[in-house]
Amino acid sequence: MIKDNIKNAQAYYNISENLKIGFEWIKNNDLKNMPDGRYEISDKIYANLQSYITKDDAPYEAHRDYIDIQYMVTGEELSGRVDYSECKTVEKYNKEKDIEFLECVREEEFFKIKEGEFFVFFPHDAHKPALKVGENKQVKKVIVKVS
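How do you make sense of the side chain of Lys128 when you look at a structure like this?
Note that Lys128 resides in strand S11 (residues 125-131). At 3.1 Å, the side chain of Lys128 forms a polar contact with the side chain of Asp57. Sequence-distant contacts of Lys128, that is, excluding residues within four places in its chain, are made with Asp57, Ala58, Pro59, Tyr60, Leu78, Ser79, Gly80, Glu108 and Phe110.

Rendered as structure tokens:
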């Protein structure tokens, strides 16, 4: 997992060309004024822009085919993170949606993300996103899926 501000995204460009393309897409679009929806960036990268109310709780999830760049456009939330090896499957992996839901047996670590910040979750990062900070509030976030 990586947590940082979008101003520092170039520090991670050397991880992969697709990750660089995803960060550049975030930086070069007016996400606050774009409508929610799916945006095709390339044949190996797409983005889901979504507005929602943060939650009291959520299941852990993990992905096998994609890395998540989760960028907070407006608002703030908490995300839990545990290594995938410390979890057990509660909902079998769905290849079409590239998602598996998990229950984690280790003490959870939570990280706050606020406007202008991002997480990068790799396949070994089981994560529990969209959790409230204090009260449930409206947020806008983009999840760039990088193959």
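Is there a simple way to think about the environment of Gly37 in this case?
As for its placement among the helices and strands, Gly37 is situated in strand S2 (residues 37-42). Classification of Gly37 by relative accessible area gives partly exposed; the value is 27%. Placed 11 residues apart in sequence, Gly37 and Asn48 show a C-alpha to C-alpha distance of 5.7 Å. For Gly37, the contacting residues outside a window of four places in its chain are Ala47, Asn48 and Leu49.

Even after reading the chapter, I still don't get the state of the cysteines, so can you show me in this structure?
Chemically, a disulfide is nothing more than a covalent bond linking the sulfur atoms of two cysteines. Using the criterion set out here, one finds 1 disulfide in the structure. Paired through a disulfide, Cys87 and Cys104 show a sulfur-sulfur distance of 2.3 Å. Disulfide Cys87-Cys104: the torsion about the S-S bond is 80°, which places it as right-handed. In this pair, Cys87 is assigned in strand S7 (residues 87-94) and Cys104 in strand S8 (residues 99-104), connecting sequence segments 17 residues apart. A relative accessible area of 17% places Cys87 in the buried class. For Cys104, a relative accessible area of 17% puts it in the buried group.

Any chance you could explain the sheet that holds S2 here in plain terms?
The pairing of strands in a sheet happens through backbone hydrogen bonds and is either parallel or antiparallel. If you walk across this open sheet you meet the 6 strands as S1-S10-S5-S12-S3-S2, and the pairing is antiparallel. The open sheet has two edge strands with one neighbour each: strand S1 (2-5) and S2. Between one strand axis and the next, the sheet turns by 20° as a mean value, whatever way the strands run. As judged from the 9 bridges shared by strand S3 (residues 45-53) and strand S12 (residues 138-146), these two strands associate in the antiparallel manner. In the strand pairing of S12, Tyr46 is matched with Lys145.

What's the story with unusual backbone geometry in this structure? I'm lost.
If a residue is not glycine, its phi is most likely negative; likewise, a peptide bond is most likely trans. Residues other than glycine seldom take positive phi values, yet Asp98 does so here, at roughly 50°. One non-glycine residue, Ala130, lies in the positive phi region at around 70°. Relative accessible area serves as the criterion here: at 7%, Ala130 is assigned to the buried category.

Can you walk me through the environment of Asn14 in this structure?
Within the secondary structure, Asn14 is located in the loop between S1 and helix H1 (17-27). Looking at Asn14, the relative accessible area reads 69%, which means it is exposed. A C-alpha to C-alpha distance of 24 Å links Asn14 and Glu115, two positions 101 residues apart in sequence.

Calculation criteria
Residues numbered from 1 in each chain as written. Predicted model: local features only at pLDDT ≥ 70, side-chain atom pairs only at ≥ 80, totals over all residues. Heavy atoms only, no water. Helix = DSSP H or I, 4+ residues; strand = E, 2+ residues; numbered from the N terminus. Polar contact = N/O pair within 3.5 Å; in protein donor to acceptor, adjacent residues only side chain to side chain. Contact = heavy atoms within 4.5 Å. Buried < 20%, exposed > 50% of the residue type's maximum accessible area, 1.4 Å probe, protein only. Disulfide = S-S within 2.5 Å. Pairing = 2+ DSSP bridges. Axes fitted to C-alpha atoms, helices over the stretch in contact; angles between N-to-C directions.

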